[in-house]
Amino acid sequence: MRRRKKFEIPIKYVLFILTLLCLATIIASFLFDGFLRPVKSTVAYVLNPVTKGMNSAGTWFSDKADDITELRKIREENKELKATIAELQNKNAMSVEERNELEQLRELYKLGETYSEYETVGARIISKDAGNWYSTFTIDKGSDAGIEVDMNVIGDGGLVGIVYEVGSNYALVRSIIDDESNVSAQFASTSDKCIVKGSLKLINDGVLQIFNINKSANVSDGDMIVTSNISSKFLPGILIGYVKDISDDANNLTKSAYLTPVVDFAHLDIVLVIKAQKNNGDS
Amino acid sequence: MLRKFVLAVSIILFYTLQCTLFKELALASVSPNLLMILVFAAGFMRGKKEGLYVGFFCGLLLDLCYGKTIGFNALLYMYIGYINGFFNNVFYDDDVTFPIGLLCASDFIYNFVFYVFAFLLRNRLVLSYYFIHIIVPEMIYTVVIMLLIYRLMLKVNRKIEEIEKRSATKFG
């Protein structure tokens, strides 16, 4: 004879109870900022070492895959490149001149200087959002390394995103290409203000949207976009990217455009977190 | 006990694979939804109860690690696992076409509901774009991965069932 099975709650009741529980947590996470933060931190604390290891395996695989495809490309490229070398040598003389100009411009914008003034922490990206809808990622440093919410993240020579959640050994970063990202920005040359918005629709084209450029702004394609000095969360003067395809809006008051970011988000590996925070005067 | 252990390990394994390795292997910035395969398989192969629990915990893990609203994914995955459980009585080892259809439907419903709540309500109205560029590619990619590991999952499931049966007769 088999023993009688122990009493079990009917599955319909379980479904009902868990549904209520989920609804309660959904409502709670809207109402209370940082709801269940300790649980989240614990989960991340346990999982992060696993993810870290897995991530290096992932990078290894993609590197190998890249190697194979690249080898073929490289062979073809090699031929072309040999032909272009001669051409380039001529251009080289010209580019030296252009580089001098660039240096002058940089000095003008004082971009390089403002960057290096900030104290930064280097961190590695260890995992990305599991779904395909958001562009958020986890880095392997957290409050232990002095990282706080709303700190700016740069890398690859430009703005990457902003920290929106921190645990002891990890931090979650929303990149500027995320559909929910909004950055208050300005044109480096004319200081015309605008809004840079991420868009899932444009991710594959590698561009972001720029809104609210004043109609009278004297701007053109290729202009540099930096974070604005009136932004509440982003430090001023961080390079975001370059403008393209400026067009007039239907309301005839503003212009909108696309922005090519300087950061290559698909191949981003290491980022810098700026430890200085924008002072809002409320601290 | 063994089954619970295997399920827990596979949830964590699938989750970590999904947000690391398969993000590197993303095609056109879309990566497969491995956890959906797991939830679907649990419901389809084992029934409502297991689908419900696996779905709940998979979703909860996603919510805790990346979610902004805790419970949303848990709720969604839970119902998908539960509904997949209704098809448990047409589960046959050698049939592959029906599971493909079921997984497609599961993944589609998940992404569609997600789109409605996370994007449509924020005035992202162009469903056709998201449909063509996110939902359908993810569905196809997920099914391809499912086909690669379906045999293995069947085998693991059968093995565990065997062991469970053996221990049941031993102690019964």
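Residues numbered from 1 in each chain as written. Chains lettered and ligands numbered in written order. Predicted model: local features only at pLDDT ≥ 70, side-chain atom pairs only at ≥ 80, totals over all residues.

Asks: For the overall build of chain B, give the residues involved together with the corresponding values.
Replies: The number of helices and strands found in chain B is seven helices and zero strands. Each helix and strand of chain B, ordered N terminal to C terminal, gives the series α-α-α-α-α-α-α. In terms of C-alpha radius of gyration, chain B reaches 17 Å, essentially the compact-globule figure of 16 Å for 172 residues. Taking the principal axes of the C-alpha coordinates as reference, chain B spans close to 60 × 30 × 30 Å. The buried share of chain B, reckoned over its 172 residues, is 48%. Sequence-distant contacts, at least 24 apart, represent 65% of the contacts inside chain B between residues at least 6 apart. (Helix = DSSP H or I, 4+ residues; strand = E, 2+ residues; numbered from the N terminus. Rg over C-alpha atoms; globule rule 2.2 N^0.38 Å. Buried ≥ 20, exposed ≤ 12 C-beta atoms within 10 Å, placed from the backbone. Contact = placed C-beta atoms within 7 Å.)

Asks: Please set out the interface of chain B and chain A residue by residue, giving values where relevant.
Replies: Across the contact, 38 residues belong to chain B and 39 residues belong to chain A. Elements with a contribution of two residues or more to the side of chain B that touches chain A: helix H1 (2-19), helix H2 (21-24), helix H4 (48-65), helix H5 (72-85), helix H6 (97-118) and helix H7 (127-171) of chain B. It is H4(B) that contributes the most residues to the side of chain B that touches chain A, seven residues altogether. Grouping the constituent residues of the side of chain B that touches chain A by class yields 24 nonpolar, nine polar and five charged. (Nonpolar A, V, L, I, M, F, W, Y, C, P; charged D, E, K, R; others polar.)

Asks: Give a description of the environment of A:Lys278 that names residues and reports values.
Replies: Along the chain, A:Lys278 falls in the segment after strand S12 (270-274). Those residues in contact with A:Lys278 that lie beyond four places of it in its chain are A:Ser231, A:Ser232, A:Lys233, A:Phe234 and A:Leu235.

Asks: Please set out the sheet that holds strand S1 (residues 120-128) of chain A residue by residue, giving values where relevant.
Replies: Residue and element names in this part refer to chain A. Taken together, six strands build a closed barrel; the order of strands is S1-S2-S5-S4-S3-S12 and the barrel is antiparallel. Here the strands of the sheet are splayed against their neighbours by 45° on average, with no regard to which way each runs. The pairing of strand S4 (residues 158-166) with strand S5 (residues 171-175) spans five bridges and is antiparallel. In the strand pairing of S5, Gly161 is matched with Ser175. (Pairing = 2+ DSSP bridges. Axes fitted to C-alpha atoms, helices over the stretch in contact; angles between N-to-C directions.)

Asks: Account for H6(B), naming residues and giving values.
Replies: Residue and element names in this part refer to chain B. For H6, spanning 22 residues, the distance from its first C-alpha to its last is 31 Å, which sits close to the expected 32 Å at 1.5 Å a residue. Looking at H6, one finds that the buried residues are Pro99, Leu103, Ser106, Asp107, Tyr110, Asn111 and Phe114. On an axial view of H6, the arc spanned by its buried residues comes to 115°, and they lie on one face. Opposite its buried face, H6 presents the exposed residues Thr97, Gly101 and Val116, each directed more than 90 degrees away. (Expected span 1.5 Å × (residues − 1). Arc of directions from axis to C-beta.)

Asks: Which residues make up the sheet that holds strand S11 (residues 254-261) of chain A, and what values go with them?
Replies: The strand order S6-S7-S8-S11-S10-S9 (chain A) describes a closed barrel built from six strands, whose pairing is antiparallel. Between one strand axis and the next, the sheet turns through 40° on average, direction left out of account.

Asks: Describe the confidence of the model for chain B, and please don't skip the residues or the numbers.
Replies: A residue-level look at chain B finds 98% of positions with pLDDT of 70 or above and a mean pLDDT of 88. Listed scores for the predicted complex are pTM 0.74 and ipTM 0.79. (pLDDT = per-residue confidence, 0-100.)

Asks: Please give an account of the domain arrangement of chain A that cites residues and values.
Replies: All names here are of chain A. Its domain assignment divides chain A into domain 1 (11-114) and domain 2 (120-274). Taking only C-alpha atoms, the centre of domain 1 and the centre of domain 2 are 13 Å apart. Counting residues at the interface gives 11 residues for domain 1, matched by 10 residues for domain 2. Among the secondary structure elements, those contributing two or more residues to the side of domain 1 that touches domain 2 are helix H2 (37-109) and helix H3 (111-117). At nine residues, the largest contribution of residues to the side of domain 1 that touches domain 2 is made by H2. Its residues assigned to classes, the side of domain 1 that touches domain 2 comprises four nonpolar, five polar and two charged. (Domains from an automatic or database assignment.)

Asks: If you had to explain the pairing of strand S2 (residues 136-139) of chain A to someone new, which residues and values would you point to?
Replies: All names here are of chain A. Going residue by residue along S2, you find Thr136 and Thr138 tucked away on one face and Phe137 and Ile139 tucked away on the opposite face as well. Pairing between S1 and S2: three bridges, direction antiparallel. Bridge assignment links Lys128 to a residue of S2, and that residue is Phe137. Alignment of S2 against S5, held across four bridges, turns out to be antiparallel. Bridging across to S5, Phe137 finds its partner in Val173.

Asks: How would you explain unusual backbone geometry if you had to name every residue and give the values?
Replies: Peptide bonds are, in most cases, trans, and in most cases residues other than glycine have a negative phi. All names here are of chain A. Positive phi outside glycine occurs at Asn212, with the angle close to 60°. Within the secondary structure, Asn212 sits in strand S8 (residues 208-214). The exposure class assigned to Asn212 is partly exposed, which follows from the 17 C-beta atoms found within 10 Å. Here the phi dihedral of Asp245 falls at roughly 50°; this positive angle occurs in a residue that is not glycine. Of note, Asp245 is situated in strand S10 (residues 239-248). Judged by C-beta crowding, with 12 C-beta atoms within 10 Å, Asp245 ranks as exposed.

Asks: With reference to specific residues and values, describe the confidence of the model for chain A.
Replies: Of all residues in chain A, 92% have pLDDT values of 70 or greater, and the mean over the chain is 82. Summarising per-element confidence for chain A, the mean pLDDT is lowest in H3(A) (58) and highest in S5(A) (91).

Asks: So what about the environment of A:Gln186? Which residues, and what values?
Replies: Residue and element names in this part refer to chain A. Mapped onto the secondary structure, Gln186 falls in strand S6 (residues 182-187). Accessibility expressed as a C-beta count within 10 Å gives 24 for Gln186, which makes it buried. Linking Gln186 and Asp144, residues 42 residues apart in sequence, is a C-alpha distance of 33 Å. If near-sequence neighbours (up to four positions away) are discounted, Gln186 is found in contact with Ser191, Asp192, Lys193, Cys194, Val226 and Ser228.

Asks: How would you summarise the pairing of S5(A) if you had to cite specific residues and measurements?
Replies: Residues and elements named next belong to chain A. Burial analysis of S5 places five of its five residues in the buried class, which makes it a mostly covered element. Covered by surrounding structure in S5 are Ala171, Val173 and Ser175 together with Leu172 and Arg174, the residues of both alternating faces. Connecting the antiparallel pair S4 and S5 is a turn made up of four residues.

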